[in-house]
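Listed below are the residues making up each chain.
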Amino acid sequence: MTNAEIVKNFNKLFPDARCELDYKTPYELLVAVILSAQCTDKRVNIVTKELFKKYNTPQAMLSLSQSQLEEKIHSCGFFRNKAKNILQASSDIINRFNGQVPSNFDDLCSLSGVGRKTANVMVSEAFNGDAFAVDTHVLRVSNRLGIANSNDPNKVEFILKDFFAQKDWSRLHYQMVLFGRYKCKAIKPGCEGCPFQSICKYYNREK
Ligand code: SF4
């Protein structure tokens, strides 16, 4: 199967793939992405719906103490680290970027708690750039499809960028996330009728 055929199949499976986190501004998206680590988007949306009513700017967020923020985001898991990163990133945004979330990849990566995955999501979703964020789903799917052969998300990001055309990166990221989340699950993937059976390492090993 060629890369163009893979793209075609993903377009057929998820023609409307998009970010499932609710946000209105780049800052809200940044907070939501930090909260989404090891947590479902659904849970994050429930938490941020309340949180953003009052605390949707770096300034407002910094009016909360670490423990107050922890309490508000508790149900997202890893709340101590996430609260610390959100407060530190908010302070970085005010002190180093004039209160505006930077749109540049390297500047985003310089914010506390922001790694390549989060920065890539920000570049493509908040700033309409071409980026390929590699989360656990993208990592698993790209290995199963034989596009990559590595458990290192940073390496896989570059492999995917080489393999697919730049114009397809951002959309494919969401398509692969949805595919991994709802069909090609880590345990008991729904292989029946999957268009990728012929190239799938997992399927051909298991059958
Ligand atoms: S055949 Fe199964 S494991 Fe392979 S890509 Fe499809 S759903 Fe995933």
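**Examining the overall build of the protein**
1) Next: Each helix and strand counted, the protein has 12 helices and 0 strands in total.
2) Next: Along the chain direction, N to C, the helices and strands of the protein fall in the order α-α-α-α-α-α-α-α-α-α-α-α.
3) Next: Oriented by its inertia axes, the alpha-carbon framework of the protein measures out at about 55 × 30 × 30 Å.
4) Next: Buried positions account for 37% of the 207 residues belonging to the protein.
5) Next: Contacts spanning at least 24 positions in sequence make up 59% of the contacts within the protein whose residues lie at least 6 apart.

**Brief notes about the domain arrangement of the protein**
1) Next: Per the domain assignment, the segments making up the protein are domain 1 (3-16 + 132-206) and domain 2 (26-126).
2) Next: Averaged C-alpha coordinates put domain 1 and domain 2 at centres separated by 27 Å.
3) Next: Put simply, the parts of the chain that give the side of domain 1 that touches domain 2 at least two residues each are α10 (153-163) and α11 (169-182).
4) Next: Considering every element that reaches the side of domain 1 that touches domain 2, the biggest residue donor is α10, with 3 residues.
5) Next: Residues of the side of domain 1 that touches domain 2, tallied by class, amount to 4 nonpolar, 3 polar and 2 charged.

**What to know about α11**
1) Next: With 14 residues, α11 extends 20 Å between its outermost C-alpha atoms, agreeing within 8% with the 20 Å of an ideal straight helix rising 1.5 Å per residue.
2) Next: Burial analysis of α11 places 12 of its 14 residues in the buried class, the great majority of the element.
3) Next: The complete set of buried residues in α11 reads Trp169, Ser170, Arg171, Leu172, His173, Tyr174, Gln175, Met176, Val177, Leu178, Phe179 and Gly180.
4) Next: Buried residues belonging to α11 abut α1 (3-13), α8 (116-126), α9 (136-144) and α10.

**Some thoughts on the packing of α9 against α11**
1) Next: In contact at an axis separation of 8 Å, α9 and α11 are set at 85° when each is read in the N-to-C sense. With respect to α11, the axis of α9 lies roughly perpendicular. Contact residues: α9 offers His137, Val138, Arg140, Val141 and Ser142, while α11 offers His173, Met176, Val177, Phe179, Gly180 and Arg181.

**A word on the site of the ligand**
1) Next: Around the ligand sit Arg144, Lys183, Cys184, Pro189, Gly190, Cys191, Cys194, Phe196, Gln197, Cys200, Tyr202 and Tyr203, and that is every residue in its neighbourhood.
2) Next: When the residues that make up the shell around the ligand are grouped by side-chain class, the tally is 8 nonpolar, 2 polar and 2 charged.

**A few points about unusual backbone geometry**
1) Next: Despite not being glycine, Asn98 has its phi angle at roughly 55°, a positive value.
2) Next: For Asn98, the location among the structural elements is in the loop between α6 (79-96) and α7 (105-109).
3) Next: Of note, Lys188 is a non-glycine position whose phi angle comes to about 50°, a positive value.
4) Next: Mapping Lys188 onto the fold places it in the loop between α11 and α12 (201-206).

How each quantity is defined
In this convention, every chain numbers its residues from 1, walking through the sequence in written order. Residue-level local features of this predicted model are given only where pLDDT is at least 70; pairs of side-chain atoms are given and counted only at 80 or more, and the full residue set underlies all totals for whole chains, interfaces and linings. For helices the rule is a DSSP run of H or I covering at least 4 residues; for strands it is a run of E covering at least 2, with both sets numbered from the N terminus onward. Whether a residue is buried, exposed or partly exposed follows from its count of other C-beta atoms within 10 Å of its own C-beta, namely 20 or more, 12 or fewer, or something in between, respectively; the C-beta atoms are built from the backbone. Contact definition: two residues whose C-beta atoms, as placed from backbone geometry, lie within 7 Å. Note that the domain bounds reflect an automated or database-derived domain assignment. Residue classes follow a fixed rule: Ala, Val, Leu, Ile, Met, Phe, Trp, Tyr, Cys and Pro count as nonpolar, while Asp, Glu, Lys and Arg count as charged, and any other residue, Gly among them, counts as polar. Each residue after the first adds 1.5 Å to the expected span of a helix. The axes are straight lines fitted to the C-alpha atoms, using for helices just the contacting stretch, and the angles between their N-to-C directions are given from 0 to 180°. Reported orientations rely on four angle classes, namely roughly parallel under 35 degrees, roughly antiparallel over 145, roughly perpendicular from 65 to 115, and oblique for the rest. In this analysis, residues qualify as near a molecule or strand once their C-beta atom, positioned from backbone atoms, comes within 6 Å of it.

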